[in-house]
Amino acid sequence: MFFGVVAFALCACTDSAPKADKRLVSAFVEMRVAEQLYGGESPMGRLVRRDVLKKYGYTREEFIKACDNVLDDGKSWMVFQTAVSDRIDSLLGIPKVIPVQKKDKK
């Protein structure tokens, strides 16, 4: 019984939640902002998106592949979307909401 509890505790500790790639999150947000500001097909929009990819060290193909990899993994997708929302909120000056832990009532 003791070994089972220890094994469970070790497994729980080693299986940490995936972390969002901050570089990909920032690039993704800036790409979406550029698309919203300039449209998806305008020459200016293409130039701005190209500059965003260069800024974050991606080729178009690498960026698409990185986004596809996140899309293919459900756990990573949720973490990524949360990070994207947090990044957008930070750009808008919206403070991050920190959940309050409720004390158990006896």
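About the criteria used
Residues numbered from 1 in each chain as written. Predicted model: local features only at pLDDT ≥ 70, side-chain atom pairs only at ≥ 80, totals over all residues. Heavy atoms only, no water. 1 Å grid on protein atoms, 1.4 Å probe; cavity = no way out; pocket = protein on both sides within 12 Å on 5 of 7 lines; lining within 4 Å. Points joined across faces, edges and corners; volume = space filled by probe spheres on them. Helix = DSSP H or I, 4+ residues; strand = E, 2+ residues; numbered from the N terminus. Nonpolar A, V, L, I, M, F, W, Y, C, P; charged D, E, K, R; others polar. Salt bridge = Lys/Arg side-chain N within 4 Å of Asp/Glu carboxyl O. Buried < 20%, exposed > 50% of the residue type's maximum accessible area, 1.4 Å probe, protein only.

A. Quick look at the layout of surface pockets. Taken as a whole, the largest pocket spans an internal volume of roughly 260 Å³. Along its surface, the largest pocket is lined by Met 31, Arg 32, Glu 35, Gly 40, Arg 46, Arg 49, Arg 50, Leu 53, Arg 60, Phe 63 and Ile 64. Those elements that provide at least two residues to the lining of the largest pocket are helix 2 (22-38), helix 3 (43-55) and helix 4 (60-72). Considering each element in turn, the lining of the largest pocket owes the most residues, 4 residues, to helix 3. For the lining of the largest pocket, a count of residues per class yields 4 nonpolar, 1 polar and 6 charged. The calculated volume of the second largest pocket comes to roughly 190 Å³.

B. Summary view of the pattern of salt bridges. In this structure the tally under the stated criterion is 3 salt bridges. Between Lys 55 and Glu 30 there is a salt bridge, with the nearest N and O atoms lying 3.1 Å from each other. Taken together, the residues span a long stretch of sequence, with Lys 55 in helix 3 and Glu 30 in helix 2 at a distance of 25 residues. Under the relative-accessibility criterion, Glu 30 is labelled partly exposed at 22%. A salt bridge links Asp 51 to Arg 50; the nearest nitrogen and oxygen atoms lie 3.9 Å apart. Assessed through its relative accessible area of 44%, Asp 51 is described here as partly exposed.

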